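Read off the chains here:
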Amino acid sequence: MSKSKLEYIWLDGHEPTQNMRSKTKVEENFSGKLEDCPIWSFDGSSTEQASGGASDCLLKPVAIYPDPTRRNGFLVMSEVLNADGTPHASNARARIDDNDNDFWFGFEQEYFLMDTKTDLPLGFPRGGFPGPQGKYYCSVGGRYTWGRDFVEEHADLCIEAGLNFEGINQEVAPGQWEFQLFAKGAKKAGDEIWVARYLLDRLTEKYGYYIEYHPKPVKGDWNGSGMHANFSNTTLRTCGSKETYEAICEAFRPVTEEHIDVYGANNDERLTGLHETAHVSDFSYGVSDRGASIRIPIITVEKGWKGWLEDRRPASNADPYKVAGRIIETVKNAKI
């Protein structure tokens, strides 16, 4: 008789930024299949999702991955349901309108690695600053690079867990890194970002670090952190039309505020019009333009306007479920 550890992961009800929660369920003779993961419950009054007098919330398993650090372990991404089985108000995944998985998403997750002893990004000295940014992006060597062992271990964990992990690189500021994930289907893309974040956060416990997802944790002349959203659907992948691409981009203009509302708290501190960003109150798009709200990749143009778009506005602390859901809604309402 074997026993397996199922780590149920869910998002709490904190605002404006939800946190991950998790707990372990031990199951006997578990098959490893999603359909055999039982619905579980938790105390919603401790996560801002229920009152103490009616505290039970339900966890509905929606994705499962092997846990690379545990013997007979699995990571179970879960949606939060009310006690009657309906989606909880905090459950943005359930509201995504992509049941046919026509939308593909590639998220670029930036973050800062923070030292728990100094509460500063790796590479930042106490009481001062390192040299100005310019030599840290994709750098090699101990003079300009910090945290590589941690980042490499996280990449290995994600790959071993079966995530569609696509890459890593050091970013523009010291201690700032990025990883990329891609999935066919908006819900799956969100699942994989959250599981990758879970593995990232859990790994910090071993190193004495913590992850800072705030979009502008270091004030001044330093880049903030985003979660660029690369997206496509059948139309974008096959249309071969500049006019269609421009019509889809224009559909984003009148709903700029609606997008910013779900693109992460404090994002106005990052979207200043500087440091490779468009201003939070503006909307623009352009070919190969990293200072635009939406970048049209040059590869898309070179392939005859068949490819994808990149929304550069989502912050590093944004919920990928909310980002994907809002993008899908806007694209589906485009007049093409």
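Residues numbered from 1 in each chain as written. Predicted model: local features only at pLDDT ≥ 70, side-chain atom pairs only at ≥ 80, totals over all residues. Heavy atoms only, no water.

Here we come to the overall build of the chain. Each helix and strand counted, the chain has seven helices and 14 strands in total. In summary, the chain has a C-alpha radius of gyration of 20 Å against a globular reference of 20 Å for 336 residues, a match within 12%. Taken along its principal axes, the extent of the C-alpha atoms in the chain is 55 × 55 × 40 Å. Within the chain, buried positions represent 53% of all 336 residues. The contacts of the chain with a sequence gap of at least 6 include a subset with a gap of at least 24, amounting to 66%. About 14900 Å² of surface is accessible on the chain, with carbon and sulfur atoms providing 47% of the total. In the chain, 38 positive and 51 negative side-chain charges are present, and the distance between their average locations comes to 3 Å. (Helix = DSSP H or I, 4+ residues; strand = E, 2+ residues; numbered from the N terminus. Rg over C-alpha atoms; globule rule 2.2 N^0.38 Å. Buried < 20%, exposed > 50% of the residue type's maximum accessible area, 1.4 Å probe, protein only. Contact = heavy atoms within 4.5 Å. Areas by Shrake-Rupley, 256 points an atom, 1.4 Å probe, with all protein chains shown as cover. Lys, Arg positive; Asp, Glu negative; His and termini not counted. Charge placed at Lys NZ, Arg CZ, Asp CG, Glu CD.)

Moving on, we come to the pairing of strand E4 (residues 56-66). Two faces make up the sheet, and in a regular strand the side chains alternate between them. Strand direction decides the pairing type here: strand E3 (residues 40-43) and E4, joined by four bridges, are antiparallel. For Asp-43, the partnering residue across the bridge sits in E4 and is Asp-56. As judged from the eight bridges shared by E4 and strand E5 (residues 73-81), these two strands associate in the antiparallel manner. Counted as the bridge partner of Ile-64 is Val-76 from E5. The turn linking E4 back onto E5 is made up of six residues, and Asn-72 within it adopts a positive phi angle of 55 degrees. (Pairing = 2+ DSSP bridges.)

Below, the discussion takes up the sheet that holds strand E2 (residues 20-28). Here five strands make up an open sheet; going across it, the order is E2-E1-E5-E4-E3 and the pairing mixed. Every interior strand has two partners, whereas the edge strands, E2 and E3, have only one. In this sheet, adjacent strand axes meet at a mean angle of 40 degrees when their direction is disregarded. (Axes fitted to C-alpha atoms, helices over the stretch in contact; angles between N-to-C directions.)

Looking at the secondary structure, you find Glu-310 in strand E14 (residues 309-311). For Glu-310, the side chain forms a polar contact with the side chain of His-228, separated by 3.4 Å. At 2.5 Å, the side chain of Glu-310 and the side chain of Arg-295 are in polar contact. Beyond its immediate stretch of four places on either side in the chain, Glu-310 contacts Glu-108, His-228, Ala-229, Asn-230, Ser-293, Ile-294 and Arg-295. (Polar contact = N/O pair within 3.5 Å; in protein donor to acceptor, adjacent residues only side chain to side chain.)

Bringing empty space enclosed by the protein into the picture now. For the structure shown, the criterion picks out two cavities of 30 Å³ or more. Quantified by volume, the largest cavity comes out at close to 70 Å³. Looking at the largest cavity, the residues that line it are Leu-11, Gln-18, Met-77, Ser-78, Glu-79, Val-80, Ser-90, Asn-91, Ala-92, Arg-93 and Tyr-321. The residue inventory of the lining of the largest cavity, partitioned by class, reads five nonpolar, four polar and two charged. What lines the second largest cavity is Lys-216, Trp-222, Asn-223, Gly-224, Glu-269, Arg-270, Thr-272, Leu-274, His-275 and Thr-277. Along the lines of polarity and charge, the residues of the lining of the second largest cavity split into two nonpolar, five polar and three charged. (1 Å grid on protein atoms, 1.4 Å probe; cavity = no way out; pocket = protein on both sides within 12 Å on 5 of 7 lines; lining within 4 Å. Points joined across faces, edges and corners; volume = space filled by probe spheres on them. Nonpolar A, V, L, I, M, F, W, Y, C, P; charged D, E, K, R; others polar.)

Moving on to helix H2 (residues 186-207). For H2, which comprises 22 residues, the first-to-last C-alpha distance of 32 Å matches the rise-based estimate of 32 Å (1.5 Å per residue) to within 8%. Extensive coverage of H2 is indicated by the burial of 17 of its 22 residues. Looking one or two places after H2, you find Gly-208, whose phi comes out positive at around 80 degrees. (Expected span 1.5 Å × (residues − 1).)

Bringing the packing of helix H4 (residues 242-252) against helix H7 (residues 320-332) into the picture now. At a minimum axis distance of 8 Å, the contact between H4 and H7 shows a crossing angle of 120 degrees. As far as their axial angle goes, H7 and H4 are oblique. Here H4 and H7 pass one another in a crossing that is right-handed. Taken together, the residues of H7 that come into contact with H4 (itself represented by Ile-248, Ala-251 and Phe-252) are Ile-327, Thr-330 and Val-331. Of the residues contributing to the contact of H4 with H7, the split by class is five nonpolar, one polar and no charged. (Parallel < 35°, antiparallel > 145°, perpendicular 65-115°, else oblique. Left-handed = near helix turned anticlockwise from the far one by under 90°.)

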